[in-house]
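Here is how the chains run, residue by residue.
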Amino acid sequence: MPDALALLKTRRSVKPDQLQGPPPSAADLDTMLTIAARVPDHGKLVPWRFIVFEGDHREEAGAAIASAYAAKYPDASGDQIYFETNRLARAPLVVGVVWSPVESAKIPAVEQQLSAAAAAQNLLLAAHALGYAACWLTEWYAYDAQVARAFGLDDHEKFIGFVHIGRFDGTPEDRPRPALKDIVTRFEA
């Protein structure tokens, strides 16, 4: 396993349509999800869960996305519906990260949501550590109530996003990163 700092410095997102198979093995996926679950979780509430989309089930899930799209846009073309049907089939494996807040007088919902987002980030890092490429997306269907119901979310749950995982030949291109001088200040009273 690469040194931890090198791992963190080299993680890059790869677009879903650039990801190739084969998908992660069951053992690798279990490792990724175990690492994804090792996040700060004030109160040990576990305010997140994962939905795995693999194999032919990606197309079945895509049919639910396309149905929601057609309901929103009844004049959508066949090409648009086809595109929506394949949303989750672009990558060999997709993991939906669900924010599932727990009622708590002590732990605010925003802390629980941040814990769920940390789970998505850990999933990206675990995929990278195991030699896979990944991308975390929150496209329109992450916010759609019809899609949420089709994917089994309860009324109080929301998607944090979808992590697309596969293989990528080569080195992903880096994007410009902000200079520390532009994003860091020092508090002085």
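Our subject is the structure that appears above.
Keep in mind it's a predicted model, so treat the numbers as computed, not measured.

Here we look at the pairing of strand β4 (residues 158-166)
So, point 1. Across the nine residues of β4, eight count as buried, placing the element largely inside the fold.
So, point 2. By the bridge criterion, seven bridges tie strand β2 (residues 93-99) to β4 in an arrangement that is antiparallel. Note on β4: the bridge partner recorded for V95 is V163.
So, point 3. Where strand β3 (residues 133-137) lies against β4, five bridges are found, and the strand directions are antiparallel. The partner of A133 across the bridge, within β4, is G166.

A short note on the packing of aromatic side chains
So, point 1. Within the structure shown, the criterion is met by ten aromatic pairs.
So, point 2. For the pair Y141 and F162, a centre-to-centre distance of 5.0 Å together with 50° between the ring planes defines the contact as tilted. Taken as a pair, Y141 in the loop between β3 and α6 (145-150) and F162 in strand β4 lie far apart in primary sequence, 21 residues in all.
So, point 3. Ring geometry for F159 and F162: centres 4.5 Å apart, planes at 35°, overall tilted.

Looking at the sheet that holds β4
So, point 1. Read across the open sheet, the four strands follow the order β1-β2-β4-β3; overall the sheet is antiparallel. Two strands lie at the open edges of the sheet, namely β1 (48-54) and β3, each paired on one side alone. In this sheet, adjacent strand axes meet at a mean angle of 20° when their direction is disregarded.
So, point 2. In this fold helix α2 (residues 26-36) packs onto β1, β2 and β4, with an angle of close to 160° to the strand it touches most, β1.
So, point 3. Contacts from helix α5 (residues 109-129) reach β1, β2, β3 and β4 within the one sheet, and its direction differs from that of β4 by about 5°.

Here we look at unusual backbone geometry
So, point 1. The omega angle of the peptide bond from G21 to P22 is 0°, so this bond is cis rather than trans.
So, point 2. Position of P22 relative to the elements: it lies in the loop between α1 (4-10) and α2.
So, point 3. Of note, K44 is a non-glycine position whose phi angle comes to about 50°, a positive value.
So, point 4. With a phi angle near 50°, V46 is a residue other than glycine that sits in the positive phi range.
So, point 5. Relative to the assigned elements, V46 resides in the loop between α2 and β1.

Procedures and definitions
Numbers given for residues are sequential positions, taken from 1 along each chain in its written order. Local features in a predicted model are, by the rule used here, given only for residues with pLDDT of at least 70; side-chain atom pairs are given and counted only at 80 or more, and totals for whole chains, interfaces and linings are based on all residues. Side-chain numbers here rest on the full set of heavy atoms in the structure, without hydrogens or water. When a residue's accessible area, from a 1.4 Å probe over protein chains only, is under 20% of the maximum for its type it is buried; when over 50% it is exposed; and in between it is partly exposed. Secondary structure counts use DSSP, requiring at least four H or I residues in a row for a helix and at least two E residues in a row for a strand, with both numbered from the N terminus. Strand pairing follows a simple DSSP-based rule, namely that at least 2 bridges must link the two strands. Any two rings among Phe, Tyr and Trp, with Trp reduced to its six-membered ring, count as a pair given centres within 6.5 Å; such a pair is stacked if its planes are under 30 degrees apart, edge-to-face if over 60, and tilted if neither. Note on geometry: axes are lines fitted to C-alpha atoms, helical ones only across the stretch in contact, with angles between N-to-C directions running from 0 to 180 degrees. Residue contacts are defined here by distance: any two heavy atoms, one from each residue, within 4.5 Å place the two residues in contact.

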